[in-house]
Each structure stands twice: as structure tokens, then as C-alpha cells.
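# Close look at the chain arrangement
Take a look at the letters that make up each chain.
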Amino acid sequence: MIDADDFTVENITLENSAGPVGQALAVRVDGDRVAFRNCRLLGWQDTILLNRGRQYLENCAIAGHVDFIFGGATAWFEKCRIHCLRDGYITAASTPDDQPFGFVFSQCSITGESPEVKTYLGRPWRPFASVIFLNAEKSVPGYSFTDFLK
């Protein structure tokens, strides 16, 4: 859990290795202006909870299965790699109604564990959920989790 403002995380892996057992956070962020650079955030359901504040994630690898990027924060994801382990939803935003932005994914790539994995970009967790994908790209079939970790 990160509950500090102006906190920076670089070049580290935060993983919940419990597997597909239900909710199991790799990290929860309650601080404001938290930055993740060149990090790997790995889990299954609910990998990263961006609960509040403004967050920045650059060149990060994020893996999960269901609602694995979720919360009510304003977050900018720049050139991140999003990897879907099984069928499910990437995001579950709970953007407050008085907040102009939720999650913004810019120049991110989205991959699946196998060509059979079917996923949705997101579903709302609350009535004013806001998620935007800008210039995102999907992977080619045959991309594996091992490739994702490189």
C-alpha cells in the first residue's frame, strides 16, 4: 500500500502470486502524485487499485485477469504493456462524478496470454466511470507471458 504523496517507484516488480483465487492486490495507491516508471505490476483479479489522487505510470508492464486496473483515481498510463491472462475486463473505474478524468491509456499495447483470450477494455464500477484509450495497439497471436516480461 502506498499512502504517501509525491512518491516515486522505479524499476521494481510488485506481484501478488496467489493466482486465480479472487481478489488479490499487488498494490494499492492512496497517495497523490504517485509515479511508477519501468515497473512490473503482476497479479490476477484486482492487480492495482488506484484508489484516489493523481497517478502516472510510464513504461510499466501490468498483468491480470478481471478488473485488474481499478479505482477512482485520475491516472495517466504512458507506453505501458497491458497483458490479459484470461477472459475478463482490463479496467473497472470508479471515477467520482465531480472528477473530470479517470484512467487515460496513451500509446499502450494490449496483449493476451493466447489467441483464445477474449477481454473487454473495461466496465464501470461506479456510475461516472471514465476510461480512455489513445493510440493503443493489440498484440499479434502467439504472444506469451514470457515475452511480456521482457
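Summary of the structure given here. (Residues numbered from 1 in each chain as written. Predicted model: local features only at pLDDT ≥ 70, side-chain atom pairs only at ≥ 80, totals over all residues. Heavy atoms only, no water.)

## Quick look at the sheet that holds strand 10 (residues 74-78)
To be explicit about the condition: Being paired, for any two strands, means DSSP has found at least two bridges between them. Runs of H or I in DSSP of at least four residues are treated as helices and runs of E of at least two as strands, each being numbered from the N terminus. Working convention: axes come from line fits to C-alpha atoms, limited for helices to the stretch in contact. Angles between N-to-C directions cover 0 to 180 degrees.
Strand order in the open sheet formed by six strands is 1-4-7-10-13-16, with parallel pairing between adjacent strands. Strands at the two margins of the open sheet, each flanked by one partner only, are strand 1 (8-10) and strand 16 (131-134). Sheet twist, expressed as the mean angle between neighbouring strand axes with direction ignored, is 10°.

## Let's talk about the packing of aromatic side chains
The following threshold applies: Here a pair means two rings of Phe, Tyr or Trp (six-membered ring of Trp) with centres within 6.5 Å. Their orientation is stacked below 30 degrees between planes, edge-to-face above 60, and tilted elsewhere. Exposed residues in this analysis have more than 50% of their type's maximum accessible area, buried residues have under 20%, and partly exposed residues fall in between, with area computed by a 1.4 Å probe over protein chains only.
Going through the model one piece at a time under the given rule, you end up with five aromatic pairs. Ring geometry for Phe77 and Phe103: centres 6.0 Å apart, planes at 80°, overall edge-to-face. Of this pair, Phe77 sits in strand 10 while Phe103 sits in strand 13 (residues 103-106), placing them 26 residues apart in sequence. A residue is classified by how much of its surface remains accessible, and Phe77, at 0% relative accessible area, is buried.

## Digging into unusual backbone geometry
In the Ramachandran plot, Asn38 falls in the positive-phi region, its phi being about 55° despite a non-glycine side chain. Residue placement: Asn38 occurs in the loop between strand 4 (34-37) and strand 5 (40-42). Even without being a glycine, Asp46 presents a positive backbone phi close to 60°. With respect to the element layout, Asp46 can be found in the loop between strand 5 and strand 6 (48-50).

## A few points about the pattern of salt bridges
Filter applied, for reference: Salt bridge, as used here: a side-chain nitrogen of Lys or Arg that lies within 4 Å of a carboxyl oxygen of Asp or Glu.
Under the counting rule described, the total for this entry stands at seven salt bridges. We note a salt bridge from Asp30 to Arg28, for which the minimum N-O separation is 2.6 Å. On the accessibility criterion, Asp30 (6% relative accessible area) is buried. Using a relative accessible area of 30% as the deciding quantity, one classes Arg28 as partly exposed. A salt bridge links Glu58 to Arg37, with the shortest nitrogen-to-oxygen separation between them at 3.4 Å. Separated by 21 residues along the polypeptide, Glu58 in strand 7 (residues 54-58) and Arg37 in strand 4 bring together distant segments of the chain. Residue Glu58 is classed as partly exposed on the basis of its relative accessible area, which comes to 30%.

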